[in-house]
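Here are the chains, one letter per residue:
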Amino acid sequence: MSAVTTAERPAAPEAPLIDDVTVALLGGRFAVRDLPGGLIALDVTAPKGTAVEIRLAVPLRDAVGFWHPACGWERTLLADWAGRIRTSLVNGAPVGCLYETSGATMLAFAAQDPVIETELVFGISEATKRFVVHLHLVAGDGPYTLAFAPRATSVATALRSLRGRLAETAALPPLPTPAAGRVPVYSTWYAFGQDVRADAVEAEAAHAADLGCGTLILDDGWVAGGNKRGYAWAGDWAVDTAKFPDLAGHVRRVKELGLAYLVWVAPLLLGPDSAAWERMRDLAPLPSRMTPGAYVLDPRRPEVRAHIVALCAGLVADHGLDGLKIDFLDDAQIYAGEGEDIGLAMSVLLDELRAALQAIRPGIMIELRQPYLGHGMAAYGNLLRASDCPADAVANRVKTLDAGLLALGGAVHSDMLMWDPDGSPESAARQLLSVLTSVPQLSSRLDRVRDDHRAALAFWLRTWIRLRPVLLDGEVEPGRPDELYPIVRARADGHQVVVLHAERIAPVDLARTRLVEVVNVTSTPRVTLDVTGSSDVEETVRDATGALKGNRRFTLGPGLHSLTVPPSGLLSLRLLH
């Protein structure tokens, strides 16, 4: 597309669609139909191979932000000459939500088919004074369908309704998530880097099991030659027998501790220093933009797909693994716009991989990470991890909540948690408290952790397990994406959890409630609640390590209440009806 702004594109007639949203089309025709729950569908048809442009527009009104799965930190209102993303199965998804100051949505849409390459052009049109989204794609065999949610009170509410529709229309059901995918994980990456060895990992596994972890992920460093950053060595995927003389035996010993075992692999990468380079270099014509030193195997080639399936299936079968952490699938995006659709090629590859791995290990666990967590990937992975953000509690919070907004199945996982070993227990706990609505992954050396850090970690992991039915399975409301989710609320079966990441007033509704719990992730020793309703309550207050700091009974009435809660502490209010 050569035009700098959307206003420079050829004119096309507009039609009302939903609420204040209009639609226009170049390159085909469309029909609108009603869906259950107040949703509507826009079906676009065109001869196969036709370039199609779908245009959505909405008046600016009080718009303040636009969320999409790959928005990163650009979640305010870009100009339409700046908003650009090319999605495919392994890079984001054609999903977006425009919202206003109150948090209410003005436009919420999702493509039912997130596989094919689609360019999204979006932002404020300076010429028309509207917010616009243009989707550019090539027509396939059938209709291209966008689902739209009507105006909702929040982004989370609108996307919840769209997720229901996407789940109903998915080509494959989500990959089932075993119980081990919903308990804390220990990963070797930040703890060891590439300096992993069987005896040290087994010792850490024992500590992790004692803390309640259910899975261990052996990250980069187990491969022969993989002893330095950069990936020129990638491609052979042979075990470094100096570190792991008997990987299958090592895996068996860790599993005897009660932990499932996953291994990291990046099967699309091929480096010039690998033995496989001369044999496979013609299958990897382009260098990676993300992984220094490596080239990317082209998944549009049948022999590449066969190689990757055999590699991954062999790792699981040969070493008794419970699953794989499959990294850098988004590297395939380097071939976008180069002939055959990369999303379709990756769909074929992942279909074959899913079938092969499930045949070997029913209940297989597959970790994927942002940005390839679009709804189309629900069939291929069940551990949906935030992308790397070492020791960045804010980024981990934002990324896990973003992932949860579009997750059709599986379990959202945090990026691995690390913290300053010389810091306070409150600061160490804050890394975990920032990702409470996801499954925490730990990656600090547990054999060296201070006693007060261990106490905080143990207390909050026990608390997370207790709160898991609310935090993972309840109705989660994180608020406006552009505010980076300072107050996160979750509710299920009369149990409310409020997580305060900033000094904000927390709304608490006592109606239909038996227990309210407030997590103070701030550095201040007080929280302020705005209470609706009234009840006698029993208050329990604990600090970051779980030590009891207060217990009393009193009447909690409507209005503002300032209550003492230590930093990284927990306030529990049990209603005495």
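Everything discussed here concerns the structure shown above.
What you see is a predicted model, and the numbers here were worked out from it, not measured in a lab.

Draft legend 1. The arrangement of the sheet that holds strand S23 (residues 441–442) in detail. Sheet architecture is open: eight strands sit in the order S22-S21-S20-S19-S15-S14-S13-S23, paired in parallel fashion. With partners counted over all chains shown, the strands left at the sheet margins are strand S22 (411–413) and S23, one partner each.

Draft legend 2. Spatial organisation of the nonpolar core. Counting residues in hydrophobic clusters, the biggest one holds 138 residues, and the most contacted among them are Leu218, Trp222, Trp237, Leu324 and Leu329. Sorting elements by how many residues they give to this core places helix H10 (residues 451–471) first, with ten residues. In this structure, Ile40, Ala63, Leu78 and Phe148 belong to the second largest nonpolar core, which totals 34 residues.

Draft legend 3. Quick look at helix H7 (residues 342–360). Taking 1.5 Å per residue, 19 residues should reach 27 Å; H7 reaches 27 Å between its end C-alpha atoms and fits that length. Listed as buried for H7 are Ile342, Gly343, Ala345, Met346, Ser347, Leu349, Leu350, Leu353, Arg354, Ala356 and Leu357. In the core, the buried residues of H7 are packed alongside helix H6 (302–319), strand S19 (323–326) and strand S20 (365–369). Capping of H7 at its N-terminal end is provided by Asp341; its side-chain oxygen lies 2.8 Å from the backbone amide nitrogen of Gly343.

Draft legend 4. Structural view of the layout of surface pockets. Space inside the largest pocket adds up to approximately 680 Å³. Among the secondary structure elements, those contributing two or more residues to the lining of the largest pocket are strand S4 (40–45), strand S10 (118–125), strand S11 (130–138) and strand S12 (144–148). Of the residues in the lining of the largest pocket, the class split is eleven nonpolar, ten polar and ten charged. If you go around the second largest pocket, you meet 22 residues; those closest to its centre are Arg163, Gly404, Val412, Leu472 and Val476. Put simply, the parts of the chain that give the lining of the second largest pocket at least two residues each are helix H1 (155–169), helix H8 (393–406) and S22.

Draft legend 5. Layout of the packing of H1 against H8. At their nearest, the axes of H1 and H8 sit 8 Å apart, and the two run at 45° to each other. With respect to their mutual orientation, H1 and H8 come out oblique. On the side of H1, the interface is formed by Val155, Ala156, Leu159, Arg163 and Leu166, while H8 contributes Gly404, Leu405 and Leu406. Tallied by class, the residues present in the contact of H1 with H8 amount to six nonpolar, one polar and one charged.

Draft legend 6. Expanded view of empty space enclosed by the protein. Summed over the entire model, instances satisfying the criterion amount to seven cavities of 30 Å³ or more. For the largest cavity, the calculated volume is near 90 Å³. Forming the boundary of the largest cavity are Trp67, Pro69, Ala70, Gly92, Gln370, Pro371, Leu373, Asp402, Ala403 and Leu406. Residue contributions to the lining of the largest cavity peak at three residues, all from H8.

Draft legend 7. Structural context of the pattern of salt bridges. Here the structure, examined in full by the defined rule, presents 32 salt bridges. Between Arg182 and Asp473 there is a salt bridge whose closest N-O contact spans 2.9 Å. One end of the pair, Arg182, is in the loop between H1 and strand S13 (185–187); the other, Asp473, is in the loop between H10 and strand S24 (475–477), with 291 residues separating them in the sequence. Given the relative accessible area of 48%, Asp473 is considered partly exposed. Between Arg197 and Asp195 there is a salt bridge, with the nearest N and O atoms lying 4.0 Å from each other. Accessibility expressed as a relative area gives 39% for Arg197, which makes it partly exposed.

Draft legend 8. Representation of the packing of aromatic side chains within the structure. Tallied over the entire structure, the rule returns twelve aromatic pairs. Relative to Phe122, the ring of Phe66 lies with its centre 5.1 Å away and its plane at 40°, an arrangement referred to as tilted. One end of the pair, Phe66, is in strand S6 (residues 63–67); the other, Phe122, is in strand S10, and 56 residues separate them in sequence. Classification of Phe122 as buried rests on a relative accessible area of 6%. Ring geometry for Phe459 and Trp460: centres 5.0 Å apart, planes at 65°, overall edge-to-face. The positively charged end of Arg552 is found above the aromatic ring belonging to Phe554, 4.0 Å away from the centroid.

Draft legend 9. Region of interest: the environment of Gly27. Position of Gly27 relative to the elements: it lies in the loop between strand S2 (21–26) and strand S3 (29–34). A relative accessible area of 38% means that Gly27 is categorised as partly exposed. With near-sequence residues (within four places) excluded, Gly27 lies in contact with Ala46, Thr50, Ala51 and Val52.

Draft legend 10. A look at the pairing of strand S29 (residues 526–532). Only one face of S29 is covered, namely the one carrying Val527, Leu529 and Val531; the face carrying Arg526, Thr528, Asp530 and Thr532 has none of its residues buried. Relative to S29, strand S27 (residues 505–509) runs parallel, the two being bridged by five bridges. Bridge pairing links Pro507 to Asp530 in S29. Here S29 pairs with strand S32 (residues 559–564) via six bridges, running antiparallel. Looking at S32, one finds that Leu529 is bridged to His561.

The rules behind the values
- Here, residues in each chain are numbered from 1, in the same order as that chain's written sequence.
- Where local features are concerned, this predicted model is filtered to residues with pLDDT of at least 70; where side-chain atom pairs are given and counted, the filter is 80 or more; whole-chain, interface and lining totals use all residues.
- In computing side-chain properties, one takes all heavy atoms of the structure into account and sets aside hydrogens as well as water.
- Each pair of strands is called paired provided DSSP finds at least two bridges between the two strands.
- By definition, any uninterrupted DSSP run of H or I lasting at least four residues is a helix, any uninterrupted run of E lasting at least two residues is a strand, and each is numbered from the N terminus.
- Buried residues of nine kinds, namely Ala, Val, Leu, Ile, Met, Phe, Trp, Tyr and Cys, make up a nonpolar core once their side-chain atoms join them within 4.5 Å.
- Accessible area is worked out with a 1.4 Å probe on protein chains only. A residue is then buried under 20% of its type maximum, exposed over 50%, and partly exposed in between.
- Every helix has an expected span of 1.5 Å times one less than the residues it contains.
- Working rule for contacts: check all heavy atoms of both residues, and any pair within 4.5 Å makes them a contact.
- Under the rule applied, a polar contact is a pair of N or O atoms within 3.5 Å (in protein, one hydrogen donor and one hydrogen acceptor; residues adjacent in sequence only if both atoms are side-chain atoms).
- With a 1 Å grid laid over protein atoms only, a set of points is called a cavity when a 1.4 Å probe fits there but cannot get out and a pocket when it is open yet has protein on both sides within 12 Å along at least five of seven lines; lining residues have an atom within 4 Å of a point.
- Grid points are joined across faces, edges and corners, and a volume is the space filled by probe spheres set on the points.
- Three residue categories are used. Nonpolar comprises Ala, Val, Leu, Ile, Met, Phe, Trp, Tyr, Cys and Pro, charged comprises Asp, Glu, Lys and Arg, and polar comprises the others, including Gly.
- Convention adopted: a line fitted to C-alpha atoms gives each axis, helices being fitted over their contacting stretch, and angles between N-to-C directions are expressed from 0 to 180 degrees.
- Any angle that is under 35 degrees is reported as roughly parallel, and any over 145 degrees as roughly antiparallel; angles of 65 to 115 degrees are reported as roughly perpendicular and all others as oblique.
- Counted as salt bridges are all cases of a side-chain nitrogen of Lys or Arg within 4 Å of a carboxyl oxygen of Asp or Glu.
- What counts as a ring pair is set by centres within 6.5 Å for rings of Phe, Tyr and Trp (its six-membered ring), and what kind of pair is set by the plane angle: stacked under 30 degrees, edge-to-face over 60, tilted for all other angles.
- Over a ring means this: the NZ of a Lys or the CZ of an Arg is within 6 Å of the ring centre and within 35 degrees of the ring normal.

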